Amino acid sequence: MLKKTRNMNLAAVGAVCAVLFLFAWENVQAVKLGYTIEKVRREIKDLESSNTYLKKEIQAAMSPEKLETEALKLGMVYPEPGAVVMLDGAAGKDNPAKDWLAKLPW
Amino acid sequence: MTAKTLKTRIAACAFLAGAPAFIIAGRLLWLQTVQHEALGRMAARSFSRTVSETGPRGRVFCQGGELLAESIVTWDVQLFKKDLEDPEAALAALTRTLKLPAEFRTKFKRAKNFVPVKKNLDRAAFEAVSALKIKGVSLEPHQSRYYPSGDLARAIIGLVGSDKGLTGAELLYDKVLSGKTSHREVIRDASGRIIFQDKLEKEALPRDLHLTLDRDIQYFSQVAVKEMVEKTGAELGMALVQEPSSGRLLAMATWPEDLGKIQPVEWVYEPGSTFKSITLAAALEKGVVSEKDSFYCENGAWKFNNKVILHDHEPEQTLSLSGVIERSSNIGTAKVGLKLGIKDFYLYAKSFGFGSKTGLGFYGESAGILRPLEQYTSLDLAVGSYGHGMAATPVQVITAYSAIANGGELYEPRLVNRTTEFDGTEVFRNEPALVRRVISPETSRRVKTILRAVVEQGTGLSARIPGYSIAGKTGTSKKIDPRTGKYLTGKNVASFCGFFPFDQPRYTILVVMDNPKRLTYGGESAAPVFREIAARIINIKSLKADMPLPDKTKKQPPPGPVSD
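Every chain begins its residue count from 1, and numbering advances along the sequence as written. As they are written, the chains are lettered A onward and the ligands numbered 1 onward, keeping that order. This being a predicted model, a pLDDT of at least 70 is required before a residue's local features are given, and a value of 80 or more before pairs of side-chain atoms are given or counted; all residues contribute to the totals for chains, interfaces and linings.

Participant: Go over unusual backbone geometry, please, and point to the residues and values.
Facilitator: All names here are of chain B. Cis peptide bonds are those with omega within 30 degrees of zero, and the linkage from W255 to P256 qualifies with -5°. You can see P256 is positioned in the loop between β12 (249–255) and α10 (263–266). Residue F500 is joined to P501 through a cis peptide bond whose omega torsion reads -15°. On the secondary structure map, P501 appears in the loop between β22 (487–500) and β23 (507–514). Look at A153: it is not a glycine, yet its phi comes out positive at around 55°. Helix and strand assignments come from DSSP, with helices taken as H or I runs of at least 4 residues and strands as E runs of at least 2, each series counted from the N terminus. Looking at where A153 falls in the secondary structure, it is placed in the loop between β5 (137–146) and α6 (154–157). To sort residues by burial, count the other C-beta atoms lying within 10 Å of each one's C-beta; a count of 20 or more means buried, 12 or fewer means exposed, and anything in between means partly exposed. C-beta atoms are built from the backbone. Among the residues examined, A153 registers 28 C-beta atoms within 10 Å and is labelled buried. You will see that E298, though not glycine, has its phi angle at about 55°, which is positive. Note that E298 resides in the loop between β13 (294–296) and β14 (301–303). Assessed through the 22 C-beta atoms surrounding it within 10 Å, E298 is described here as buried.

See the structure below:
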């Protein structure tokens, strides 16, 4: 009888310890995850910034000034008025935002 | 030792060993239950921080979606001398990586602890400094404004200072573009590292501004104006392009650029002979003149009264109404104006938008100068008929010409097309605003026909592009000394305003050259810039020729007069 009571007490103490350990483990995990989330957040910010810089370079490379400079280097000249005929749109109509860059999700 | 004594001693030992544990457990219970709330608040105050982050400023786009301005992260490098493990090595590494000047070493030696090293590092430099892994060197990120298209429309976009618009569209639309501040609560550990907790607010993004400017037209206008300013030695050059059917401004180029001013709405000048089209439109609309009328132009000098003699650029005899405008006769136009009368002249000038702000809303916008009706004399009317004795901004002049071009309707000029959320969802669309109908479509057609003759055989020959119907008017006005209010000798403002294609004009272009030292007439300096811009537009928009191309085997007519 006495042995049974002692075993019950030991089991109760063990259960309490297990609960306390679980609680402590949970807290440690929460803090560790907190560090991980913060690290990932910083990485996201960094990648976003890097992405903005890459888009910036695309835009800068496609600026009219840059394009004109490169075209002139290749020996190109401006055509005479009326010499250009657009094949992919009705002549005389504007073709706004046709380039792929304008369609990028900025 | 009896068993009882032994038991008592064991109990005493057990009590001594267990008592502190009970006391600690009791204390813990007290702190975790009764004192939990108060202590939790105290801990939160000590370790928690609400961190504010100002996000990027909104972007500015052209109408075709090309980026004009955006915010990017740049970094400021700073170091703390006391934290450096090897100051000499750190200094050498930073100097080499950032190409610091020799004076930095002196600055470093003089500083007690904190030394600002370099500002606004781009990403490549940031990565290079980070790779050095120097203890005591910190990189502080912040938002900077960047212009991927370089100088394109820089004066229109304006300046920004610490996320606040200072001039131009950045100032006018500051509320739309301002970066939003987000707050989140963080907990720091003993070493200061952030343990993520939660966001109090969702990260807010700013709105974007989409201008009506066409990137290519803006660029071609800037290049053409700059070249002509350098060629003629003008103090200032401007080229504006507008869509007459809506009032949308497709280009506003100025050279030299002053980022603190939007010259097309702030700078005023006497429109000179370009205003003759307005007088002509009013006179035709009121029916006081017709194409059949002829006007004696007094052989170039007309004694208006005992004190004043009106002059023409070239001596002219009798001219038809069209001839008066084609040859840009001041005397002929003054006679048209006198037939119109002071009241109607004034009302039509007002109706075309002169003397009133355009509605663009820029700070510093001028309404121009149009004296009150009751102060007008017949002399004011005579000289006002050819654009003297008044002042207008370039935007007012081009908007009035667009009204003539589109069949007689005056539209409010527009520079902003729409605003959108960061993801592109439209928030606001700036629809064209019709102010009033000024002249009938029939009068518009008659004025346009005469203005086409100006380019075909009059003073605007330099604006002509073979195969394309272009209408326009040259203008050369004397500059006024702002101190004395008198005309300055040898200082002109040369201009040309026109539109094309003739039947359904899609582009109105105004070119203004302030005080050109060479090629001083509008037909000499401004009209060629018009032609240059129009030719580029024809190509990029693939506009078809609407007139027969001249036969190159036939002898071309001699160039006409450009002296206006």
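From this point, the discussion proceeds with the structure in view.
Participant: Break down the nonpolar core for me, with residues and values.
Facilitator: Residues and elements named next belong to chain B. Counting 124 residues, the largest nonpolar core has A239, L240, F530 and I533 as its most contacted members. Throughout, the edges of the domains are those of an automatic or database domain assignment. Looking at this core, you find at least three residues from each of domain 1 (48–78 + 147–211) and domain 2 (215–415 + 429–540). Those residues in contact with F530, other than ones at most four positions away along the chain, are A463, G472, F496, G498, I509 and V511. In terms of nonpolar packing, the next biggest core, distinct from the first, is built from twelve residues, W75, V77, L121 and I134 among them. Only buried Ala, Val, Leu, Ile, Met, Phe, Trp, Tyr and Cys residues enter a nonpolar core, and they are joined through C-beta atoms within 7 Å. By definition, residue pairs are in contact when their C-beta atoms, positioned from the backbone, come within 7 Å.

Participant: Go over the packing of helix α3 (residues 87–98) of chain B against helix α5 (residues 123–132) of chain B with me, naming the residues and quoting the values.
Facilitator: Relative orientation and spacing of two packed helices are given, respectively, by the angle between their axes and the distance between those axes. Residues and elements named next belong to chain B. With axes taken as lines fitted to C-alpha atoms, and helix axes fitted only over the stretch in contact, angles between N-to-C directions fall between 0 and 180 degrees. Where α3 contacts α5, the two axes come as close as 10 Å, and the packing angle between them is 160°. Accordingly, the angle class assigned to the pair α3 and α5 is roughly antiparallel. The hand of the α3/α5 crossing is right-handed. Along the contact surface, α3 presents A93, T97 and L98, while α5 presents A125, A128, V129 and L132. If an angle is under 35 degrees, it is roughly parallel; if it is over 145, roughly antiparallel; if it lies from 65 to 115, roughly perpendicular; otherwise it is oblique. The crossing is said to be left-handed when, going from far helix to near helix, the turn is anticlockwise and less than a right angle, and right-handed when the turn is clockwise.

Participant: Kindly report on the interface of chain A and chain B, identifying the contributing residues and their values.
Facilitator: Listed as interface residues are 29 residues of chain A and, on the opposing side, 32 residues of chain B. Within the residue set of the side of chain A that touches chain B, elements represented by two or more residues are α1 (2–61) and α2 (64–73) of chain A. Residue composition of the side of chain A that touches chain B, grouped by class: 16 nonpolar, eight polar and five charged. For this scheme, ten residues count as nonpolar: Ala, Val, Leu, Ile, Met, Phe, Trp, Tyr, Cys and Pro. Four count as charged, namely Asp, Glu, Lys and Arg, and the remainder, Gly too, count as polar.

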